[in-house]
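Architecture at a glance
Listed below are the residues making up each chain.
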Amino acid sequence: MSIPNIITLGRIVLVPIIVWAIVSSQMEVAFAVFLIAGISDAVDGFLAKRFNMTSELGALLDPLADKALLVSIYLSLGIWGDIPRWIVILVVSRDIMIVTAVIVSWLFDKPVEMRPSKVSKLNTAAQVAYAALVLAALAFGFKPGPYDIILMGLVTVFTLSSISLYLVEWLRHMSTIEAK
């Protein structure tokens, strides 16, 4: 197993620690571990690309780690009322739609190549920035406005754009299935 894959697995292990910290109102811990997870994401990506350590396993684990981290944080913060529930529903629904589309594609023996679009990368960046801002505000007791509203707007626009683009691509991909 490569070093980037080990780092990615470490990021997955950090997810329950962050969730525990959020539900235990240990926001300083949640924010610190979230920063560690973010830095580890950058490090594993750098190592994989720079030293040609990319792998099929890494290509699957990295987005899984990102989704586990973001979905868990959004759900935890939403349940505790620290972020609006509608944005939690939007973020989580997008990921459920993507996973469902991949599963359906496999069931029809038409696997989808997993490669994030530019909009999807912007979406992830906006989701991470919003989660980091909320965690920082909770950890250090400051008012995040107006940046929280701006980031919520970006998350909303990029999430809806990403859903639309993935849906169009998936429908195009699946359109070759013969009707019976």
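In this report, the structure presented in the accompanying data block is examined. Not measured: the values here are computed from a predicted model.

The helix and strand tally for the chain stands at 6 helices and 0 strands. Element order for the chain, N to C, with α for helix and β for strand: α-α-α-α-α-α. Taking 16 Å as the expected radius of gyration for a compact globule of 180 residues, we find that the chain reaches 17 Å, a close match to that expectation. Its C-alpha atoms put the chain at 60 × 40 × 25 Å along the principal axes. Burial status across the chain gives 39% buried among its 180 residues. Pairs at least 24 apart in sequence give 76% of the contacts found in the chain among residues at least 6 apart. Charged side chains in the chain number 13 positive and 13 negative. The centres of these two groups are separated by 5 Å.

Okay, the side chain of Ser117 next. Within the element layout of this structure, Ser117 appears in the loop between helix H4 (85–107) and helix H5 (118–140). Of the polar contacts made by the side chain of Ser117, one reaches the backbone nitrogen of Ser120; its length is 3.1 Å.

This part takes up helix H6 (residues 147–174). For H6, spanning 28 residues, the distance from its first C-alpha to its last is 40 Å, which sits close to the expected 40 Å at 1.5 Å a residue. If you check which residues of H6 are buried, you get Asp148, Leu151, Met152, Val155, Thr156, Phe158, Thr159, Ser162, Ile163 and Met174. Tucked into the core, H6 has its buried residues touching helix H3 (56–79), H4 and H5.

Another point: the packing of aromatic side chains. Here the distance between the centres and the angle between the planes together describe a pair of aromatic rings. Taken as a whole and assessed by the stated rule, the structure comprises 3 aromatic pairs. With 6.4 Å between their ring centres and 90° between their planes, Phe46 and Phe51 make a pair best called edge-to-face. Ring centres 6.2 Å apart and planes at 45° place the aromatic pair Tyr74 and Tyr130 in the tilted group. With a gap of 56 residues between them, Tyr74 in helix H3 and Tyr130 in helix H5 connect regions that are remote in the sequence. The class for Tyr130 is buried, based on a relative accessible area of 2%. In this structure, Arg50 packs its charged tip against the face of Phe51, placed 5.7 Å from the ring centre.

Attention now goes to unusual backbone geometry. The omega torsion across Gly145 and Pro146 is 0°, close enough to zero to call that bond cis. In this structure, Pro146 sits in the loop between H5 and H6. The backbone phi angle of Asn52 is positive, close to 50°, even though this residue is not glycine. Of note, Asn52 is situated in the loop between helix H2 (27–50) and H3. A positive phi is found at Asp109, a non-glycine position, where the angle reads about 55°. Judged by its relative accessible area of 67%, Asp109 falls in the exposed class.

What counts and how
Residues numbered from 1 in each chain as written. Predicted model: local features only at pLDDT ≥ 70, side-chain atom pairs only at ≥ 80, totals over all residues. Heavy atoms only, no water. Helix = DSSP H or I, 4+ residues; strand = E, 2+ residues; numbered from the N terminus. Rg over C-alpha atoms; globule rule 2.2 N^0.38 Å. Buried < 20%, exposed > 50% of the residue type's maximum accessible area, 1.4 Å probe, protein only. Contact = heavy atoms within 4.5 Å. Lys, Arg positive; Asp, Glu negative; His and termini not counted. Charge placed at Lys NZ, Arg CZ, Asp CG, Glu CD. Polar contact = N/O pair within 3.5 Å; in protein donor to acceptor, adjacent residues only side chain to side chain. Expected span 1.5 Å × (residues − 1). Phe/Tyr/Trp six-rings, centres within 6.5 Å; stacked < 30°, edge-to-face > 60°. Lys NZ or Arg CZ within 6 Å of the ring centre and 35° of its normal.

Functional significance is not addressed by these values, which are geometric in nature.
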